[in-house]
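Architecture and fold: a report
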Amino acid sequence: MSGTTTEAGDLLAELRAAITAAMSRSDFVASAREDTDTGVVGSCWELARSLDLPAALVAEQHGGLGFGPAEAIVCLEECARSLAPICLPSHWGGLRLLEAAGEPDLDQLVADAAQLAFAPARPPVIAGEPWLQGAAGERAPLPKAARRNDGWSIDGTLRWVAGASRADALVLIALEGETPTAFRVSPGDPGVTLTSVVRFDHTTDLAHVRLGDAPATPLELAEDELARSWALHQAMLGAEGIGITRRCLEMSLAHARERYAFGRTIGSFQAIKHRLVEMLRLVEMTENCTTWFADAWNEDLDDTMLAGVAARVAGDRAQQHATSSNIFVHGGMGATWEHDAPYFYRRFQLRRLLALGTEEALVELGARVLDRSWETADV
Amino acid sequence: MRDPQLNPETAADDGFRAAARRWLAEHSSQAPTTGDRDELIAWQTRLVEAGLLGVMWPREYGGGGLGHREAAIAQEEIERAGVPGVFDVLGMEIFGPTFVLEAGSEQKQRYLPGILRGEELWCQLFSEPAAGSDLAGVRTRARHTEQGTWVVNGQKVWTTNAQFASFGAALVRTDPDVPKHAGLTLIVIPMDAPGVSVRGLRQISGKAEFNEVFLDDVEVPDANVIGGVGHGWAVAMRALMFERSSMALSGEGMNLRIERFANALRARPDLRHDRDALHRLGDIAVELLAVAEGSAQMVKRLRDGEAPSPAVGLNKVTLVNAAMRGCDLLGELLGPDVLAPGSEWTEAVSFLPGMRSAGGTEEVLRNNIGERVLGLPPEPRPDKNVPFSSLLAGGAA
């Protein structure tokens, strides 16, 4: 081992500065406003590619940057802070499973900067509960996988898959009998129907995926690895939440220091000040959780699962408060099309509903905490 | 993805940690297991002698003369061993460190060794009935005499350990004719001096964990002034900074971890299938887990010599509010027995509302952090640049 916490922290700070600088060359909020007008969903894939972000988590011998969770979190924070229209958690989640399974064409996918989409699925957290996927309000079952003569086929529907409509390959979890298994599916294959959907936020590419006897390649992965993919996905959502919240806090602070009303700057009023301090409190809590996640990754599966869902819940809580408070602090002008605040609000309104949604994450967190208590008691 | 390489330690750290762990392994069985005060003080003294407490205090006064990293490692090992640590928080974690920075060398020689040996406990004579969050509004008056002494009159409140303490560090007004912050001085009061009386203050639980302290013509020498006459505010702020980081790091000590709430809920095995109950538990868990992780990470940062941000005060806010909601949840799921006499939860339900204001109310903490961390402008302050004696509060005193 070399270096100290401080040196590791310096490297992360350099990474952060580099991503921020690159992102600041584009005005993604302006693009979101334009895209919202024209009804399209934006993409900054080429910019991400120029920064080697798509393969950031892949090992260096496969052409990636070999980033660990701590570096991944920094990238996600900064991309989200700039409102970059990209679904890195989905892409990274898919690519990581391909790498873990030792897919032979990984190096080629990395070289081509192929776009992946991963349909995250939650392992059972309550006794008797199945694996679940989909958006809030659905608690949908996994698709079914079956052997056929020349390989495997999948039947089922995956709704609200982030990044799917532009993906070159899909990674999903399906049930082979009772056993969850990860599969790779090509969007162009017969039996695969992708329907793009746009819901309120024009920075998030979304699609429904219908699989009818669709050909699929199984990925050789242990079930723990599939569980970890869920934790990683949630932790990455938490990291994005940090970026969104920090940006909302910056915007609100700038306004609260300048805006003058009733004879003084509005930031001097406790009602405004406490709202902003609450943003700080919630974002720092989320940072505690993502740091915990990065430390637990590769160390302890139970802690990883717990830290992942805690990060997601904390990040969603932070955004819930920050994206709406940012509008309130700006008063009437914050609620207009011309202002930047609504685009952060729009994004969170959609994203909180993906990957089973925030409220389902709270159920998971409660279940994991209670389970851990029972396990300690059983020992 | 490769392993995270955060928080590596040097060989010297490893050696210190190994020595600490060895000592604790050999002696942990002798650690007190009850709340007996004398045993806890004696154990604290043994930890000091073993170099596990008072780690950063100067060697000449009986400390370890080491740095943040060793102090944090020692703290981690004490927690890991599951044994009690500091008992005299006021002396060991607040006034000792304050005196190291603010007191004269004779004062250090007089007070520091007694704290480290556990022979002289301290109490904090700051809050008053009319000065809590607005601490600079204290009215306790010290008047200088021709004999070179100070005569102190007034009342202090919320004083932990006043009935056991040898000394109290009192924030008093020495000059009412200057603006409120400028007229304050920190004076050491021997608690056995004539004119000092201590009365237990019963709280919600019915127990008296705090005290009221009355000071009637208490006479102390000039030598008891710490940090200079009129500089009391700066010294008090230093002490409050140590108090806040001590509180932020002692979330464990308050035993308000989510595990404790979850363990209580095992009384109802059916809750493992109750999605509504799990949702509500999750709602509290996220706050308590984030605070526990935040404290653990802060220990690592302190180890690297980073000063705690004033934002650590938010940890207390999170902890207290989440724990209060946790108690609400236990009541709703387990029924009125949660409030039975002597129940651990009766104790928590009783002390948490007071904790919300300890070290500053939540509202004042949020003001502070808004101003000091976020750089927001303060509320207009009509009391800032006028003599204390001309203020409504000062004039009424």
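None of the values given here were measured: they were computed from a predicted structure.

Rules and cut-offs
Residues numbered from 1 in each chain as written. Chains lettered and ligands numbered in written order. Predicted model: local features only at pLDDT ≥ 70, side-chain atom pairs only at ≥ 80, totals over all residues. Helix = DSSP H or I, 4+ residues; strand = E, 2+ residues; numbered from the N terminus. Rg over C-alpha atoms; globule rule 2.2 N^0.38 Å. Buried ≥ 20, exposed ≤ 12 C-beta atoms within 10 Å, placed from the backbone. Contact = placed C-beta atoms within 7 Å. Core = buried A, V, L, I, M, F, W, Y, C linked by C-beta atoms within 7 Å. Domains from an automatic or database assignment. Nonpolar A, V, L, I, M, F, W, Y, C, P; charged D, E, K, R; others polar. Expected span 1.5 Å × (residues − 1). Pairing = 2+ DSSP bridges. Axes fitted to C-alpha atoms, helices over the stretch in contact; angles between N-to-C directions. Left-handed = near helix turned anticlockwise from the far one by under 90°. Parallel < 35°, antiparallel > 145°, perpendicular 65-115°, else oblique. pLDDT = per-residue confidence, 0-100.

A count of helical and extended segments in chain A gives eleven helices and eleven strands. A globule of 379 residues ought to have a C-alpha radius of gyration of about 21 Å, and chain A, at 21 Å, matches this closely. For chain A, the spread of C-alpha atoms along the three principal axes comes to 80 × 55 × 45 Å. Counting only residues that meet the buried cut, chain A has 55% of its 379 residues in that class. Within chain A, contacts between residues at least 6 apart in sequence are counted, and of these 73% link residues at least 24 apart.

This part takes up the overall build of chain B. Per the secondary structure count, chain B includes twelve helices and eight strands. In terms of C-alpha radius of gyration, chain B reaches 23 Å, essentially the compact-globule figure of 21 Å for 397 residues. Over its C-alpha atoms, taken along the principal directions, chain B stretches across nearly 75 × 50 × 45 Å. Among the 397 residues that make up chain B, the fraction classed as buried is 41%.

Turning to the nonpolar core, a few remarks are in order. Nonpolar side chains tend to gather and get buried jointly when the protein is soluble and globular. If you look at the biggest cluster of nonpolar residues, it comprises 156 residues, and the most contacted ones within it are A:Val161 and A:Ala310. With near-sequence residues (within four places) excluded, A:Ala310 lies in contact with A:Cys289, A:Leu365, B:Val286, B:Leu289 and B:Ala290.

This part is about the domain arrangement of chain A. Residues and elements named next belong to chain A. The domain architecture assigned to chain A consists of domain 1 (5–115), domain 2 (118–221) and domain 3 (225–378). Averaged C-alpha coordinates put domain 1 and domain 2 at centres separated by 22 Å. Taken together, the 21 residues of domain 1 in the interface contact 19 residues of domain 2. Considering every element that reaches the side of domain 1 that touches domain 2, the biggest residue donor is helix α5 (residues 88–100), with seven residues. Of the residues in the side of domain 1 that touches domain 2, the class split is eleven nonpolar, nine polar and one charged.

The next subject is the domain arrangement of chain B. Domain boundaries in chain B define domain 1 (11–87), domain 2 (122–230) and domain 3 (250–359). Domain 1 of chain B and domain 3 of chain B are separated by 26 Å when their C-alpha centres are compared.

Bringing helix α4 (residues 69–81) of chain A into the picture now. Residues and elements named next belong to chain A. Across its 13 residues, α4 extends 18 Å between first and last C-alpha, which sits within 8% of the 18 Å expected from 1.5 Å per residue. A large share of α4 lies buried, amounting to 13 of its 13 residues. Directly after α4, the chain includes Leu83, whose backbone phi takes a positive value near 60°.

So, on to the environment of A:Leu95. All names here are of chain A. Within the secondary structure layout, Leu95 lies in helix α5. According to the C-beta neighbour criterion, Leu95 is buried, with 27 such atoms within 10 Å. For the pair Leu95 and Ala55, spaced 40 residues apart in the sequence, the C-alpha separation amounts to 8.0 Å. Apart from residues no more than four positions distant in its own chain, Leu95 is found in contact with Leu57, Val58 and Leu116.

This paragraph deals with the pairing of strand β5 (residues 151–162) of chain A. All names here are of chain A. Bridge analysis of strand β4 (residues 144–148) against β5 gives five bridges, and the strand direction is antiparallel. The residue bridging Arg148 from the neighbouring strand is Gly151, located in β5. If you look at the hairpin formed by β4 and β5, you'll find two residues sitting between the two strands. Both β5 and strand β9 (residues 206–219) contribute to a ladder of eight bridges, which runs antiparallel. The residue bridging Val161 from the neighbouring strand is Ala207, located in β9.

We now examine the interface of chain A and chain B. Counting residues at the interface gives 54 residues for chain A, matched by 48 residues for chain B. For the side of chain A that touches chain B, the secondary-structure elements that each account for two or more residues are α1 (5–24), α4, α7 (223–258), β11 (264–265), α8 (270–296), α9 (301–329) and α11 (358–378) of chain A.

Moving on to the pairing of strand β7 (residues 210–221) of chain B. Residues and elements named next belong to chain B. Here eight bridges tie strand β3 (residues 149–157) to β7, and the two strands are oriented antiparallel to one another. Bridge pairing in β7 links Trp150 to Val220. As paired elements, strand β6 (residues 196–201) and β7 share six bridges and run antiparallel to each other. Bridge assignment links Val196 to a residue of β7, and that residue is Leu215.

This paragraph deals with the environment of B:Lys108. In this structure, B:Lys108 sits in helix α5 (residues 105–116). Distance from B:Lys108 to B:Glu49, taken between C-alpha atoms, is 19 Å for residues 59 residues apart in sequence.

What follows is about helix α10 (residues 341–351) of chain A. Among the eleven residues that make up α10(A), nine are buried, leaving the element largely enclosed by the rest of the structure. In this structure, the buried residues of α10(A) make contact with α2 (28–38), α7 and α9 of chain A.

Turning our attention to the packing of helix α9 (residues 313–334) of chain B against helix α11 (residues 362–372) of chain B. Residue and element names in this part refer to chain B. As a packed pair, α9 and α11 sit with axes 10 Å apart at the nearest point and diverge in direction by 145°. Between α9 and α11 lies a crossing of left-handed hand. The residues of α11 that touch α9, namely those facing Gly313, Leu314 and Val317, are Glu362, Leu365, Asn368 and Ile369. For the contact of α9 with α11, the residue count by class is four nonpolar, two polar and one charged.

So, on to unusual backbone geometry. Excluding glycine, residues mostly have negative phi values, and the peptide bonds linking residues are mostly trans. Residues and elements named next belong to chain A. The phi angle at Arg139 is positive, at roughly 45°, despite the residue not being glycine. Summarising the element assignment, Arg139 is placed in the loop between β3 (132–133) and β4. Using a count of 16 C-beta atoms within 10 Å as the deciding quantity, one classes Arg139 as partly exposed. Here Phe262, not a glycine, exhibits a phi torsion of approximately 55°, which is positive.

Residues and elements named next belong to chain A. The contact between α8 and α9 brings their axes to 8 Å, and the two run at 160°. Between α8 and α9, the crossing angle belongs to the class labelled roughly antiparallel. For the crossing formed where α8 meets α9, the hand is left-handed. Taken together, the residues of the contact of α8 with α9 sort by class into 16 nonpolar, seven polar and four charged.

Residue and element names in this part refer to chain A. Looking at the element boundaries, Ala271 is found in helix α8. Judged by C-beta crowding, with 9 C-beta atoms within 10 Å, Ala271 ranks as exposed. Residues Ala271 and Val329 lie 58 residues apart in sequence; the distance between their C-alpha atoms is 9.8 Å.

Moving on, we get to the confidence of the model for chain B. Interpreting fine coordinate detail is not advised for predicted regions of low pLDDT. Residue and element names in this part refer to chain B. In the predicted model, chain B carries a mean pLDDT of 90, and 94% of its residues have values of at least 70. Taken as a whole, residues 1–8 scores under 50 in pLDDT and shows 26 contacts with residues more than four places along the chain or in a different chain. Across the assembled chains, the prediction reports ipTM 0.96 with pTM 0.92.

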